[in-house]
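Fold and geometry: a report
Here's the letter readout for the chains.
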Amino acid sequence: MNQLTREIGHSGITASAVGLGTWAIGGWMWGGTDEAAAIEAIEASIDAGISLIDTAPAYGLGHSEELVGAAIRGKRDRVVIATKCGLNWHHGKGNHFFDEAGKPVHRYLGADGIVFELEQSLRRLGTDYIDLYITHWQDPTTPVAETMEALARLKQAGKIRAIGASNLSEDDLRAYVAAGQIDAIQERYSMLDREIEGTLLPIATTAGASTLSYSSLALGLLTGKIGAGRQFEGDDQRLGNPRFSAENRQFVAQFAAALQPLADQHQASIAQLVIAWTLQQRGITFALCGARDPRQARDNARAGTLMLATDELAAIDAARTSYLSAIP
């Protein structure tokens with residue numbers, strides 16, 4: 001079966017509904033990375049029909065973008081690249097946000113910062129344009145109208161093809177819509193994170209902007225494959241995360257067991273059912289899913305060929321309500 005594809009807002013750009021998220025590939029907050037396996041995962045995604053690849057400079061201070069660039073060399077016409085701006089460690093402008101690898105990272109979306117960041121991303125990715133350029137986190141020191149003006153100039157120059165924004169408040173999104181054409185938002189959304197259904201999604205839908213969900217598998221928890229004995233180490237953000245408690249992992253195991261007959265019927269994994277469910281929720285256009293090796297990449301891609309019937313969606317919702325509602 002062919003991959004489900006959808007358009008990014010009003011941009012005219014079509015991409016696979018399942019996208020490859022490359023935060024984990026960058027290593028930062030994921031306990032490091034295996035570079036060879038990461039490149040193979042990207043290549044396997046493309047070969048499986050995944051065209052949307054999402055990355056960001058902050059994912060390993062450019063490391064993720066460099067790995068994506070290496071993997072897409074000679075394949076640029078087969079991929080839709082989404083990357084980001086607004087988190088920088090170069091000049092200290094804007095508000096300090098966090099430290100990464102000993103460097104202070106600031107939120108800054110002034111025109112000079114955006115232009116500088118874009119050139120750095122183009123170099124790391126080995127391309128001369130970005131398909132979807134997304135403001136990563138919002139900068140309270142720069143008016144949205146100024147940010148949009150800078151992005152519109154880059155779009156007019158052919159450096160970017162579409163504009164997106166991430167990690168927004170409702171007021172932020174309204175300001176973007178008022179300032180120009182925004183084709184996408186990127187927000188956390190999963191079976192465990194549905195807050196945007198009543199906040200951002202109605203605004204985005206009215207504006208004709210697509211929604212890219214990130215953490216669609218809740219940092220891997222919803223795959224059902226993280227057993228009670230799994231240990232997280234180093235800077236892995238799941239270390240100490242209450243969602244990954246032994247009790248919550250047991251809830252997910254019960255959820256997975258309840259869905260196993262449906263998964264078997266579709267010859268699918270639990271993760272594939274979860275991704276397919278996500279893509280069939282109102283207002284969700286694309287689901288970004290991480291993969292750190294070719295097997296995970298191919299598994300995620302299979303979800304883009306899976307269409308669930310109304311009664312199957314209802315069965316998944318029933319299992320979600322029964323077993324996942326207690327997870328914070």
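For the structure itself, look to the data block above.
Here's what I pulled together on the structure shown here. (Residues numbered from 1 in each chain as written. Predicted model: local features only at pLDDT ≥ 70, side-chain atom pairs only at ≥ 80, totals over all residues. Heavy atoms only, no water.)

**Details of the packing of aromatic side chains**
Tallying each qualifying case throughout the model produces 4 aromatic pairs. Judged by centre distance (5.9 Å) and plane angle (20°), the ring pair of Trp 23 and Tyr 59 falls under stacked. With Trp 23 in helix α1 (residues 23-26) and Tyr 59 in the loop between β4 (52-54) and α3 (63-72), the pair connects residues that are 36 residues apart, well separated along the chain. With centroids separated by 5.2 Å and ring planes inclined at 50°, the aromatic side chains of Phe 97 and Phe 98 adopt a geometry described as tilted. The class of Phe 97 is partly exposed, set by a relative accessible area of 29%. Sitting over the face of the ring of Tyr 129, Arg 76 holds its NZ or CZ atom 4.0 Å from the ring centroid. The residue whose ring lies beneath Arg 107 is Phe 97, and the NZ or CZ to ring-centre distance is 4.8 Å. (Phe/Tyr/Trp six-rings, centres within 6.5 Å; stacked < 30°, edge-to-face > 60°. Helix = DSSP H or I, 4+ residues; strand = E, 2+ residues; numbered from the N terminus. Buried < 20%, exposed > 50% of the residue type's maximum accessible area, 1.4 Å probe, protein only. Lys NZ or Arg CZ within 6 Å of the ring centre and 35° of its normal.)

**A word on the pairing of strand β11 (residues 184-188)**
Burial analysis of β11 places 4 of its 5 residues in the buried class, the great majority of the element. Here 3 bridges tie strand β10 (residues 160-166) to β11, and the two strands are oriented parallel to one another. Across the sheet, Ser 166 pairs through a bridge with Gln 186, a residue of β11. Each parallel crossover has a hand, and the one from β10 via helix α6 (residues 170-179) to β11 is right-handed. Note that β11 and strand β12 (residues 210-214) share 5 bridges and pair parallel. Paired with Ala 184 across the two strands is Ser 210, which belongs to β12. (Pairing = 2+ DSSP bridges. Right-handed = clockwise from strand over helix to strand, strands pointing away.)

**Examining unusual backbone geometry**
At Ala 218, a residue that is not glycine, the phi angle is positive and equals roughly 50°. Looking at where Ala 218 falls in the secondary structure, it is placed in the loop between β12 and α8 (246-265).

**Some details on a negative patch on the surface**
A cluster of acidic residues, Asp 34, Glu 35, Glu 40 and Glu 66, forms a negative patch on the protein surface. One can find Glu 40 in helix α2 (residues 35-47). The class of Glu 40 is partly exposed, set by a relative accessible area of 41%. (Patch = residues over 30% accessible without salt bridge, like charges linked within 9 Å, V, L, I, M, F, W, Y side chains within 5 Å. Areas by Shrake-Rupley, 256 points an atom, 1.4 Å probe, with all protein chains shown as cover. Salt bridge = Lys/Arg side-chain N within 4 Å of Asp/Glu carboxyl O. Lys, Arg positive; Asp, Glu negative; His and termini not counted. Charge placed at Lys NZ, Arg CZ, Asp CG, Glu CD.)

**Remarks on the packing of helix α4 (residues 111-125) against helix α5 (residues 144-156)**
Packing of α4 against α5 brings their axes to within 9 Å, and their N-to-C directions diverge by 40°. Handedness of the crossing formed by α4 with α5: right-handed. In this structure, α4 contributes Ala 111, Ile 114, Val 115 and Leu 118 to the contact, and α5 contributes Glu 146, Thr 147, Ala 150, Leu 151, Arg 153 and Leu 154. (Axes fitted to C-alpha atoms, helices over the stretch in contact; angles between N-to-C directions. Left-handed = near helix turned anticlockwise from the far one by under 90°. Contact = heavy atoms within 4.5 Å.)

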